[in-house]
Amino acid sequence: MEKLNYALPGTTAPGAFDAILVGVVGSGNLEVMVEPGFDGTTCTVDISTSARGFAPIWEAVVNDFQSRHALRGVAISINDMGATPAVVSLRLDQAVAALPMPTKKAP
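Residues numbered from 1 in each chain as written. Predicted model: local features only at pLDDT ≥ 70, side-chain atom pairs only at ≥ 80, totals over all residues. Heavy atoms only, no water.

How would you explain the overall build of the protein if you had to name every residue and give the values?
Helix and strand counts for the protein stand at 2 helices and 5 strands. For the protein, the C-alpha radius of gyration of 13 Å lies close to 13 Å, the compact-globule estimate for 107 residues. Reported as C-alpha extents along the three principal axes, the dimensions of the protein are approximately 45 × 25 × 25 Å. Counting the 107 residues in the protein, one finds 36% classified as buried. As presented, the protein carries roughly 6,000 Å² of accessible surface, and 59% of it is formed by carbon and sulfur atoms. (Helix = DSSP H or I, 4+ residues; strand = E, 2+ residues; numbered from the N terminus. Rg over C-alpha atoms; globule rule 2.2 N^0.38 Å. Buried < 20%, exposed > 50% of the residue type's maximum accessible area, 1.4 Å probe, protein only. Areas by Shrake-Rupley, 256 points an atom, 1.4 Å probe, with all protein chains shown as cover.)

Summarise the packing of helix H1 (residues 55–69) against helix H2 (residues 85–97); cite the residues concerned and give the values.
The contact between H1 and H2 brings their axes to 10 Å, and the two run at 30°. Judged by the sense of rotation from one axis to the other, the crossing of H1 with H2 is right-handed. In this structure, H1 contributes Ile57, Trp58, Val61, Phe65, Arg68 and His69 to the contact, and H2 contributes Pro85, Val88, Ser89, Leu92, Asp93 and Val96. Among the residues making up the contact of H1 with H2, the classes are represented as 8 nonpolar, 2 polar and 2 charged. (Axes fitted to C-alpha atoms, helices over the stretch in contact; angles between N-to-C directions. Left-handed = near helix turned anticlockwise from the far one by under 90°. Contact = heavy atoms within 4.5 Å. Nonpolar A, V, L, I, M, F, W, Y, C, P; charged D, E, K, R; others polar.)

Lay out the pairing of strand E5 (residues 74–80) with the relevant residues and their values.
On a regular strand, each side chain points to the face opposite its neighbour's, so the side chains alternate between the two faces of the sheet. Most of E5 is tucked away: 5 of the 7 residues are buried. Note that strand E4 (residues 42–49) and E5 share 7 bridges and pair parallel. Paired with Cys43 across the bridge in E5 is Val74. Since E4 and E5 lie parallel, the crossover through H1 that links them has a hand, and here it is left-handed. (Pairing = 2+ DSSP bridges. Right-handed = clockwise from strand over helix to strand, strands pointing away.)

Lay out H1 with the relevant residues and their values.
Over its 15 residues, H1 runs 21 Å from end to end, which matches the ideal 21 Å to within 8%, given 1.5 Å per residue. Where H1 is buried, its residues contact strand E1 (2–9), E4, E5 and H2. Phi for Ala70, located one or two positions after H1, is positive at around 50°. (Expected span 1.5 Å × (residues − 1).)

Give a description of the pattern of salt bridges that names residues and reports values.
All told, the structure shown has 2 salt bridges when counted by the stated rule. Among the salt bridges present, the one from Arg68 reaches Asp64, with a minimum N-O distance of 3.1 Å. Separated by 4 residues within a single helix, Arg68 and Asp64 lie in helix H1, roughly one turn from each other. For Arg68, a relative accessible area of 39% corresponds to the partly exposed category. In this structure, Asp93 engages Arg68 in a salt bridge whose closest nitrogen and oxygen atoms are separated by 2.9 Å. Separated by 25 residues along the polypeptide, Asp93 in helix H2 and Arg68 in helix H1 bring together distant segments of the chain. Since its relative accessible area comes to 28%, Asp93 is described here as partly exposed. Salt bridges sharing partners connect three or more residues here, namely Asp64, Arg68 and Asp93. (Salt bridge = Lys/Arg side-chain N within 4 Å of Asp/Glu carboxyl O.)

Tell me what's going on with the side chain of Gln66, and back it up with residues and numbers.
As for its placement among the helices and strands, Gln66 is situated in helix H1. Its relative accessible area of 7% is what places Gln66 among the buried residues. Setting aside anything within four residues of it in sequence, one finds Gln66 in contact with Leu8, Pro9, Gly10, Cys43 and Leu71.

Here it is as C-alpha cells:
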C-alpha cells in the first residue's frame, strides 16, 4: 500500500455535517470518506492506494478537485483499489454533493 497526504488551502466551508461515505472498496474501485476537519483553513486528503507509483496522477486529481470546490475545514480519506482518475473524481464529487454547502447570494 502507498500512502499519500495533501493539505490544500480552501475558501468554502460546508455547514455542520456528520461523516459521509461514498463508494465501495473493491476490485477497481474506491471509497471516499469526508469528515469535518481539525484545521478550519485547509482541506486534507489522505490516500491509501494499492497502486504504487502514481503520486503525480493523484496530485493532479486532488488539485483539480480542490480548484473546483475550494473546500476548507474538511478531512477526506480515500481507500483505493486501483480506480481510474475519472472514478476518483466522480466519487469526490458525489461526496461534495452530500455536503451542506452555503448558498451563494445573487449580486
